[in-house]
Amino acid sequence: MNSVVKSPKDSKLSISYLIVGFIAVFIGAVCGLLQGLVRGGVIELPSFINYYQLLTAHGVLLALVFTTFFIYGLLFAGVSKTMGILSDKTRTIGWIGFWVMTIGTICSATMIILGEASVMYTFYAPLQAHPLYYIGLALVVVGSWIGGAAMLMHYFAWRKKNSGKLSPLFGYMTTATIILWLVCSIGVAITVLFQFIPWSFGWADRINVLLSRTLFWYFGHPLVYFWLLPAYIIWYVSIPKIIGGKVFSDSLARLSFVLFILFSIPVGFHHQLTESGISEGWKFLQVVLTFMVITPSLMTAFSLFATFETTGRAKGAKGLFGWLKKLPYNDVRFFAPFMGMLFFIPGGAGGIVNASHQMNTAIHNTLWVVGHFHITVGTPVVLTFFGATYWLVPYLTGRKLTPALNKAGMIQTILWSVGMFFMSTAMHILGLFGAPRRTAYSTYQDHPTALEWFHGFFSHYTTVALGGTILFIAAMMMVYLFFHLAFFAPKAENDIEATEFPIGEVADHAITTPRILENWKVWIGIVVVLILIAYTVPVTDMITHAPAGSPPIRTW
Amino acid sequence: MHFHRYEKYWLIFGLSTLVVFLTIVGVSAFSGGHQPPTGMMTLDPTKVEQTPPFDQPGLKEIGENTYEANLIALAFGYNPSKLEVPVGAKVVFNVTSKDVVHSFTIPGTNVNMMITPGHVNTSEYTFDKPGSYLVLCNEYCGTGHHMMQMTIEVK
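Cut-offs used in this document
- Residues numbered from 1 in each chain as written.
- Chains lettered and ligands numbered in written order.
- Predicted model: local features only at pLDDT ≥ 70, side-chain atom pairs only at ≥ 80, totals over all residues.
- Heavy atoms only, no water.
- Helix = DSSP H or I, 4+ residues; strand = E, 2+ residues; numbered from the N terminus.
- Rg over C-alpha atoms; globule rule 2.2 N^0.38 Å.
- Buried < 20%, exposed > 50% of the residue type's maximum accessible area, 1.4 Å probe, protein only.
- Contact = heavy atoms within 4.5 Å.
- Areas by Shrake-Rupley, 256 points an atom, 1.4 Å probe, with all protein chains shown as cover.
- Lys, Arg positive; Asp, Glu negative; His and termini not counted.
- Charge placed at Lys NZ, Arg CZ, Asp CG, Glu CD.
- Expected span 1.5 Å × (residues − 1).
- Bend = angle between axes of the 7 residues up to and from the residue.
- Polar contact = N/O pair within 3.5 Å; in protein donor to acceptor, adjacent residues only side chain to side chain.
- Core = buried A, V, L, I, M, F, W, Y, C linked by side-chain atoms within 4.5 Å.
- Buried area = accessible area lost by both parts, 1.4 Å probe.
- Salt bridge = Lys/Arg side-chain N within 4 Å of Asp/Glu carboxyl O.
- Phe/Tyr/Trp six-rings, centres within 6.5 Å; stacked < 30°, edge-to-face > 60°.
- Lys NZ or Arg CZ within 6 Å of the ring centre and 35° of its normal.
- Disulfide = S-S within 2.5 Å.
- Patch = residues over 30% accessible without salt bridge, like charges linked within 9 Å, V, L, I, M, F, W, Y side chains within 5 Å.

What about the overall build of chain A?
And then number 1: Summing up its helical and strand segments, chain A has 17 helices and zero strands in all.
And then number 2: In summary, chain A has a C-alpha radius of gyration of 23 Å against a globular reference of 24 Å for 556 residues, a match within 12%.
And then number 3: If one aligns the C-alpha atoms of chain A with their principal axes, the spans along those axes are about 65 × 50 × 45 Å.
And then number 4: Expressed as a percentage of its 556 residues, the buried residues of chain A come to 66%.
And then number 5: Taking the contacts inside chain A whose residues are at least 6 apart along the sequence as the reference set, 84% of them involve residues at least 24 apart.
And then number 6: In the form shown here, chain A has an accessible surface area of approximately 19,400 Å², with 70% of it arising from carbon and sulfur atoms.
And then number 7: Between the mean site of the 32 positive side-chain charges and the mean site of the 20 negative ones, chain A shows a separation of 8 Å.

This is the structure we're talking about:
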């Protein structure tokens, strides 16, 4: 590391998180490619690999490991940039979090490779994996708590030193993200520590299946917001700077994050809508709360396009849509997240379908849901993270994003978008025709209904495989570009050449931010009340009226 | 807190849309009876074959061209593995699992429900068109998950 890196010790922590994340992308993408090809009937797996083993690895490594490690690498870099270099103590805690998470990841990944844990990342009981799989996942969560605590300590130390001042937007949003994560991951921690681990060691004979699923989904939905909020941080804070504009409104940006804390948690039943044992009234209550969480996303969409328009007009754009021509489409730092935003429009609309109470029955557990997943986390979040990689990594390592690397990034983004377009469109349409998710190649004994899934273009499994293959090429390019930017790109010789961490300034017209937005006790209090309203009665019912539990079963 | 005028319009439009959606969904559910499958009956998942009605799985006529189908989902199939019903028959499906979590899904119909051990889930469908209906499991249940199926012949 050279002199243009302002805080080499903090950078080393961040880049370590990112390295683990991109190794996960490499392995996870290989699994994804094989799955697509198997399902399309293009290849058959050798007997020592099981399709469902690949599927578990793909989900765990991409949805859990890559996201969490990338997020922590990004957030540590951002809080160090905006609220000052980490204290030695805070940084040490950050490292402890890193190692606990990494050991947990290795532990769970080993069990998957050994074929001891082909239970998917959702690990629904009573499928029973090796205890070390659950312990590994628990360590990933506990490690994330430790790392999250380090960031909270840094934020509160800043507040103490700068009493009366408004915290930097990046620091505020990081704090909101970590608080959301702490409140929601309690659910998965309870089910893993008190249900799965004792049961997998044989200390408990049976498990309450419905309770374990409910605790999982109490965590599982806010988990998607834990992935999304860091992408929103980049959209709100970094994109305005990249396009040469300003943050549209500081207070509305903060308000939207508060609304995410409030409404992303008491909504897990919308993943359990077609399930027995939860009455319709409670399902519908959580459907209503789910719809509330659309509000901050509508606010975010408005803010972004308002930033785009005001920036375009400041650059001399004329007419109703002239500003669209002024955006820097040739800059991968903008182009990649922008493509992500476009995918989020159908992604969000599809989400409303999924959450719509009885309408969920039409698509529940079909390939539609997999398509949805890939155009929400798999593109808006992932392309934003990839787009950020092009400045975050050279910023951390004192290198430069050269025009050639920028061009490679543009090609990477286009490949990802094209591959995702084919794959996700085919998945959505096949899902509407009833094709199941998480299922290996099958023609169901040549049943006419199943053979329909091999006809047409967008209703054909082979189109899924085609899109998946393009995505695999894009993923390999990205892994290469990450390591190139981290270790081989040309070094910045001075501060002028150095890659910046883009932090937007707030627009002049934005009026003072109300202080209550930074009063976390109020918001945590409200979310606890909402959680108690949404969950107390149905969970009590699940425990008091529980059927006999289920003994462990291994079906793979 | 200052909201831009256009942002107010945008949010009012967005929130009104959500209210309209929720109203349609809610009215259809609670007064039209279009609810998601929500069986509330429970049983011991290790004693499914001794618990009525699953001690005699299969089809039972409960009214004029109206049937009750009591089925057991298991790794990797359904018991029984085939049903035959006349055209126009209304069938109430009661399904439970004797092992892991499965689903009972008939593509092309509104029958699609999770089958969790210890619980009985319920859905109904009127088979107006003749033909062979595929039933499949869309919740991962093990190595043979993609083989798990049965058929309903409507004649």
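After that view of the structure, there is still more to cover.
What to know about helix α17 (residues 520-544) of chain A
All names here are of chain A.
And then number 1: Over its 25 residues, α17 extends 34 Å from the first C-alpha to the last, a length consistent with the 36 Å expected when each residue adds 1.5 Å.
And then number 2: At tyrosine 535, α17 shows its largest bend, some 45°, and a proline, proline 538, comes one to four positions later.
And then number 3: Against α4 (131-161), α5 (169-200), α6 (209-242), α7 (250-263) and α8 (280-292) lie the buried residues of α17.

Notes on the environment of Ser80(A)
All names here are of chain A.
And then number 1: Mapped onto the elements, serine 80 comes out in helix α2 (residues 51-83).
And then number 2: When the C-alpha atoms of serine 80 and isoleucine 261 are compared, they prove to be 23 Å apart, with 181 residues separating the residues in sequence.
And then number 3: Leave out the neighbours within four places in its chain, and serine 80 touches Ser7, Asp10, Ile85 and His154.
And then number 4: Engagement of the side chain of serine 80 in a polar contact is seen with the side chain of serine 7, the distance being 3.4 Å.

Looking at the nonpolar core
And then number 1: Of all hydrophobic cores here, the largest spans 234 residues; its most connected members are Phe123(A), Tyr133(A), Leu392(A), Phe93(B), Phe104(B) and Ile152(B).
And then number 2: Of all the elements, α6(A) adds the most residues to this core, at 23 residues.
And then number 3: Apart from the residues within four sequence positions on either side, Ile152(B) is in contact with Leu83(B), Val85(B), Phe93(B), Ile106(B), Phe127(B), Gly131(B), Ser132(B), Tyr133(B) and Val135(B).
And then number 4: One finds Val48(B), Phe54(B), Ile72(B) and Val120(B) within the second-largest nonpolar core, a separate group that totals five residues.

Thoughts on the interface of chain B and chain A
And then number 1: On the chain A side, the residues contacting the 62 residues of chain B number 73 residues.
And then number 2: Interface area, chain B with chain A, both sides summed: about 5,500 Å², of which 68% is carbon and sulfur.
And then number 3: Counting the surface chain B buries against chain A, the share from its top three residues, Met1(B), Tyr140(B) and His146(B), is 13%.
And then number 4: A salt bridge links Arg438(A) to Glu139(B); the shortest N-O distance between them is 3.8 Å.
And then number 5: The interface formed by chain B and chain A includes 27 residue pairs in polar contact (both at pLDDT 80 or more).
And then number 6: Elements that contribute at least two residues to the side of chain B that touches chain A include exactly α1 (5-30), β8 (112-115), β9 (119-127), β10 (131-136) and β11 (149-154) of chain B.
And then number 7: When residues in the side of chain B that touches chain A are grouped by element, the largest group, 14 residues, is from α1(B).

Regarding the packing of aromatic side chains
Each aromatic ring pair is specified by the distance between its two centres and by the angle formed by the two planes.
And then number 1: All chains considered together, the criterion is met by 74 aromatic pairs over all chains.
And then number 2: Seen from their ring centres, Tyr78(B) and Phe104(B) are 5.6 Å apart, and the 90° between their planes marks the pair as edge-to-face. Residue Tyr78(B) is found in strand β4 (residues 77-79), and its partner Phe104(B) is found in strand β7 (residues 102-105); the two are separated by 26 residues along the sequence. Note on accessibility: Tyr78(B) and Phe104(B) belong to one class, buried.
And then number 3: Note that Arg213(A) overlies the ring of Tyr124(A), its terminal NZ or CZ placed 4.4 Å from the centroid.
And then number 4: Sitting above the plane of the Tyr172(A) ring, Arg254(A) keeps its charged end 4.7 Å from the centroid.

Description of the state of the cysteines
And then number 1: Throughout the structure, instances matching the rule amount to zero disulfides over all chains.
And then number 2: A disulfide-free cysteine, Cys141(B) has its sulfur positioned 4.0 Å from the sulfur of Cys137(B), the nearest such atom.

A word on the environment of Leu383(A)
Residues and elements named next belong to chain A.
And then number 1: With respect to the helices, strands and loops of the structure, leucine 383 is situated in helix α13 (residues 377-397).
And then number 2: Between the C-alpha atoms of leucine 383 and leucine 64, which are 319 residues apart in sequence, the distance is 16 Å.
And then number 3: In this view, leucine 383 contacts Ala336, Pro337, Met339, Gly340, Thr413, Trp416 and Ser417; residues no more than four positions away in its chain are not counted.

Observations regarding helix α9 (residues 294-314) of chain A
And then number 1: Look at α9(A): 30 Å from first C-alpha to last across 21 residues, which is about the 30 Å you get at 1.5 Å a residue.
And then number 2: Counting buried residues along α9(A), 15 of its 21 residues qualify, which places the element largely inside the surrounding structure.

Description of the side chain of Arg333(A)
All names here are of chain A.
And then number 1: As for its position among the elements, arginine 333 is in helix α10 (residues 332-355).
And then number 2: Given the relative accessible area of 18%, arginine 333 is considered buried.
And then number 3: There is a polar contact of 2.8 Å between the side chain of arginine 333 and the side chain of aspartate 331.
And then number 4: With residues up to four places along the chain from it excluded, the contact list for arginine 333 reads Ile239, Ile242, Gly387, Tyr390, Trp391, Leu401 and Glu500.

What about a nonpolar patch on the surface?
Residues and elements named next belong to chain A.
And then number 1: A cluster of nonpolar residues, Ile186, Ile190, Leu193 and Phe194, forms a patch on the protein surface that exposes about 390 Å² of accessible area.
And then number 2: Structurally, the position occupied by leucine 193 is in helix α5.
And then number 3: By relative accessible area, which is 43% here, leucine 193 ends up partly exposed.

Let's talk about the environment of Phe269(A)
Residues and elements named next belong to chain A.
And then number 1: Following the sequence through the fold, phenylalanine 269 ends up in the loop between α7 and α8.
And then number 2: With a relative accessible area of 0%, phenylalanine 269 lands in the buried category.
And then number 3: Considering only alpha carbons, one finds phenylalanine 269 and aspartate 495, 226 residues apart in sequence, at a separation of 51 Å.
And then number 4: Non-local contacts of phenylalanine 269, meaning those with residues more than four positions away in its chain, are made with Thr214, Ile278, Trp282, Lys283, Gln286, Ala534, Tyr535, Pro538 and Met542.

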